[in-house]
Amino acid sequence: QHKSLDLKISSIRHALFSLPKQHYATLKYMIEHLNRVSLHAAINKMNSHNLATVFAPTLIGPAEITSSVLPDMTTDILLIETLISQCDNIFNCGR
């Protein structure tokens, strides 16, 4: 985990550029949509954290489950939350 937001965004962008073009485009489309949904959180109660909690298991998928205990999704949720809340800086959303 990176403490500096700029370093975090730079690391995420670097990792995303390694995705196949179609996967990157699909993820960008999904995150742009979730960002638009989060802009209406006062009405729909779906801020970036709530959206990330719902979508992280689907967008990232579970790690190998070795026990019957639920996997810790904290890091995955924080990643998706950052993608949503920093959509403009990561994907140049709306530009």
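See the structure shown above.
Since we're looking at a predicted model, the values are computed, not measured.

Focus: the overall build of the protein chain
Logical step 1: When helices and strands are counted, the protein chain shows six helices and zero strands.
Logical step 2: Counting from the amino terminus, the protein chain carries its helices and strands in the arrangement α-α-α-α-α-α.
Logical step 3: For the protein chain, the proportion of its 95 residues judged to be buried stands at 28%.
Logical step 4: Sequence separation of at least 24 residues holds for 59% of the intrachain contacts in the protein chain that already meet a minimum separation of 6.
Logical step 5: As displayed, the protein chain has an accessible area near 6700 Å², and 59% of this comes from carbon and sulfur atoms.

Brief notes about the nonpolar core
Logical step 1: Ranked by size, the top nonpolar core spans 19 residues in total, and within it Leu16, Ile31, Ile80, Leu83, Ile84, Ile90 and Phe91 carry the most contacts.
Logical step 2: Those elements that place two or more of their residues in this core are α1 (5-16), α2 (21-38), α4 (48-59), α5 (74-85) and α6 (87-91).
Logical step 3: With sequence-adjacent residues up to four places away left out, leucine 16 is seen in contact with Tyr24, Leu27, Leu83, Ile90 and Phe91.

Quick word on α2
Logical step 1: Its 18 residues give α2 an end-to-end C-alpha distance of 26 Å, which sits within 8% of 26 Å, the value for a rise of 1.5 Å per residue.
Logical step 2: By the burial criterion, the buried members of α2 are Tyr24, Leu27, Ile31, Glu32, Leu34, Asn35 and Ser38. Projected onto a plane normal to the axis of α2, the buried residues spread over an arc of 165 degrees and lie on a single side. Away from its buried face by more than 90 degrees, α2 exposes Gln22, Thr26 and Tyr29.
Logical step 3: Looking at the buried positions of α2, the neighbouring elements they touch are α1, α3 (41-44), α4, α5 and α6.

What about the pattern of salt bridges?
Logical step 1: Inspection of every chain in the model, using the stated rule, returns one salt bridge.
Logical step 2: The partner of glutamate 32 in a salt bridge is lysine 28, and the shortest N-O contact between them spans 3.9 Å. Here glutamate 32 and its partner lysine 28 are both found in helix α2, four residues apart, which amounts to about one turn of the helix.
Logical step 3: Note on lysine 28: relative accessible area 26%, which makes it partly exposed.

What counts and what doesn't
Residues numbered from 1 in each chain as written. Predicted model: local features only at pLDDT ≥ 70, side-chain atom pairs only at ≥ 80, totals over all residues. Heavy atoms only, no water. Helix = DSSP H or I, 4+ residues; strand = E, 2+ residues; numbered from the N terminus. Buried < 20%, exposed > 50% of the residue type's maximum accessible area, 1.4 Å probe, protein only. Contact = heavy atoms within 4.5 Å. Areas by Shrake-Rupley, 256 points an atom, 1.4 Å probe, with all protein chains shown as cover. Core = buried A, V, L, I, M, F, W, Y, C linked by side-chain atoms within 4.5 Å. Expected span 1.5 Å × (residues − 1). Arc of directions from axis to C-beta. Salt bridge = Lys/Arg side-chain N within 4 Å of Asp/Glu carboxyl O.

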